[in-house]
Amino acid sequence: MAGISHHIMPLPDFDKPVKLLIVASPYYKDISDHQIAGAKAEIEKADGTWDIVEVPGALEIPTAIGIAERMSNFDGYVALGCVIRGETTHYDTVCNDSSRAIQLLGLQGLCIGNGILTVENYEQAVVRADPADQNKGGGAAAAALHLIALSRKWGRPDKGVGFTSEILLAQKGNPTA
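Positions within a chain are numbered from 1, following the residues in the order the chain's sequence is written. With the structure being a predicted model, the display of local features is reserved for residues of pLDDT at least 70 and the display and counting of side-chain atom pairs for 80 or more, all residues being used for whole-chain, interface and lining totals. To get the side-chain values, all heavy atoms of the structure are used, and hydrogens and water are removed first.

Asks: Please set out the sheet that holds strand β1 (residues 19-24) residue by residue, giving values where relevant.
Replies: Here, a strand pair is defined by DSSP locating no fewer than two bridges between the strands. The helix and strand labels rest on DSSP assignments: H or I over at least four residues marks a helix, E over at least two residues marks a strand, and numbering proceeds from the N terminus. In spatial order, the strands read β2-β1-β3-β4; together these 4 strands make up an open sheet with parallel pairing. Of all the strands in the sheet, the pair left with one neighbour each is β2 (49-54) and β4 (112-119). For this sheet, the mean inter-axis angle between neighbouring strands, taken without regard to orientation, is 15°. Where helix α4 (residues 122-129) meets the sheet, its contacts fall on β3 (76-84) and β4, and the angle it forms with β4 comes to roughly 150°. Every angle, taken between N-to-C directions, lies between 0 and 180 degrees, and every axis is a line fitted to C-alpha atoms, over only the stretch in contact when it is a helix. Contact definition: two residues touch when any of their heavy atoms are within 4.5 Å.

Asks: So what about the packing of helix α1 (residues 29-45) against helix α5 (residues 136-154)? Which residues, and what values?
Replies: The contact between α1 and α5 brings their axes to 6 Å, and the two run at 40°. Here α5 runs oblique to α1, going by the angle between their axes. Note on packing geometry: the crossing formed by α1 with α5 is right-handed. From α1, Gln35, Gly38, Ala39, Glu42 and Ile43 reach across to α5, where they touch Gly137, Gly138, Ala141, Ala142 and Leu145. Throughout this entry, Asp, Glu, Lys and Arg are counted as charged residues, while Ala, Val, Leu, Ile, Met, Phe, Trp, Tyr, Cys and Pro are counted as nonpolar. The remaining residues, Gly among them, count as polar. Classifying every residue of the contact of α1 with α5 gives 5 nonpolar, 4 polar and 1 charged. To sort the angles, those under 35 degrees are grouped as roughly parallel, those over 145 as roughly antiparallel, those from 65 to 115 as roughly perpendicular, and the leftovers as oblique. Crossings are classed by handedness, with left-handed meaning an anticlockwise turn of the near helix from the far one by less than a right angle and right-handed meaning a clockwise turn.

Asks: Summarise the state of the cysteines; cite the residues concerned and give the values.
Replies: A pair of sulfur atoms, both from cysteines and within 2.5 Å, is called a disulfide here. Overall, the coordinates contain 0 disulfides when judged by the stated rule. Of the cysteine sulfurs around Cys82, a residue in no disulfide, the closest is that of Cys95, at 9.1 Å.

Asks: Could you give an account of the pairing of β4, naming the residues involved and the relevant values?
Replies: The classification of residues rests on relative accessible area computed with a 1.4 Å probe and restricted to protein chains. Under 20% of the type maximum is buried, over 50% is exposed, and intermediate values are partly exposed. Judged by how many residues are buried, β4 sits mostly within the fold: 6 of 8 residues are covered. The pairing of β3 with β4 spans 8 bridges and is parallel. The residue bridging Gly81 from the neighbouring strand is Ile116, located in β4. Here the term right-handed applies to a crossover when the path leading from its first strand over the helix to its second strand runs clockwise, the strands being oriented away from the viewer. Once the chain exits β3 it traverses helix α3 (residues 90-107) before rejoining the sheet at β4, and the crossover so formed is right-handed.

Asks: Quick one: what's the story with the packing of aromatic side chains, residue by residue and with numbers?
Replies: Only rings of Phe, Tyr and Trp enter the pairing, Trp through its six-membered ring, and a pair is recorded when the two centres are within 6.5 Å. The plane angle decides the type: under 30 degrees is stacked, over 60 is edge-to-face, the rest tilted. On inspection of all chains with the given rule, the structure shows 2 aromatic pairs. Both rings, one in Tyr27 and one in Tyr28, keep their centres 5.0 Å apart while their planes meet at 80°; by these two values the pair is edge-to-face. A residue is classified by how much of its surface remains accessible, and Tyr28, at 24% relative accessible area, is partly exposed. For a Lys NZ or an Arg CZ to count as sitting over a ring, it must be within 6 Å of the ring centre and within 35 degrees of the ring normal. Positioned above the aromatic ring of Phe74 is the side chain of Lys19, whose terminal nitrogen or guanidinium carbon lies 4.8 Å from the ring centre.

Asks: Go over the nonpolar core, please, and point to the residues and values.
Replies: Throughout, nonpolar core names a set of buried Ala, Val, Leu, Ile, Met, Phe, Trp, Tyr and Cys residues whose side chains join them through atoms within 4.5 Å. In terms of nonpolar packing, the biggest core is built from 20 residues, with Ile61, Ile65, Tyr77 and Ile112 touching the most fellow members. Among the elements that take part in this core, α3 stands out by supplying 5 residues, more than any other. Dropping the residues within four chain positions of it, Ile61 is found in contact with Val23, Ser25, Val55, Ala79, Leu80, Gly81, Ile102 and Ile116. Judged by nonpolar contacts, the second largest core, of 17 residues, contains Ile36, Ala140, Ala144 and Ile148.

Asks: Residue-level account of the environment of Asp33, with values.
Replies: With respect to the element layout, Asp33 can be found in helix α1. Along the backbone, Asp33 and Leu80 are 47 residues apart, and their C-alpha atoms lie at a distance of 9.8 Å.

Asks: A description of the pattern of salt bridges should follow, citing residues and the corresponding values.
Replies: The working definition used for a salt bridge is a side-chain nitrogen of Lys or Arg within 4 Å of a carboxyl oxygen of Asp or Glu. Summed over all chains, the structure comprises 6 salt bridges. We note a salt bridge from Arg85 to Asp92, for which the minimum N-O separation is 3.7 Å. A salt bridge links Arg100 to Asp97, with the nearest nitrogen and oxygen atoms 3.0 Å apart. A residue pair is termed a helical-turn pair when its members lie 3 or 4 positions apart in one helix, as Arg100 and Asp97 do in helix α3 at 3 residues. Linked by salt bridges that have partners in common, Arg85, Asp92 and Glu120 make up one network.

Listed below in structure tokens is the structure:
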């Protein structure tokens, strides 16, 4: 596909290893497999490690990321899925709400690369997911890696991001927080 080229930033270097969670919706399994392959390859180029969890659809991706952030130890997240326009307005709801939820998590300090494809048809999804073509899974992983690099650059040990467990416990009236 010929078109306007765009700049692709080189991957950041890390002093300490990075660990990412790939959260994928295999609703369109072949599309998801391509996205995951691209994301894994990009993370491995940065000498990072990854784990994968699958959820039923794009709307569940932000929830899974929120749960993982509260209960695990990932440096960042890669959101992968595909929403293809249908005959109803459900497409608009899924696209807007999943994107908005991911953005809100990011504004709380989570490092998330959003690779949820929102396309008009299956053919567009194939081109965007293919690691040998547009490689949007790899692009989402690269975005997460860049955000992790920024958070490490600007982070301080005494400064948390987002809602820490201490804040959440204090809100429940826990006297130890």
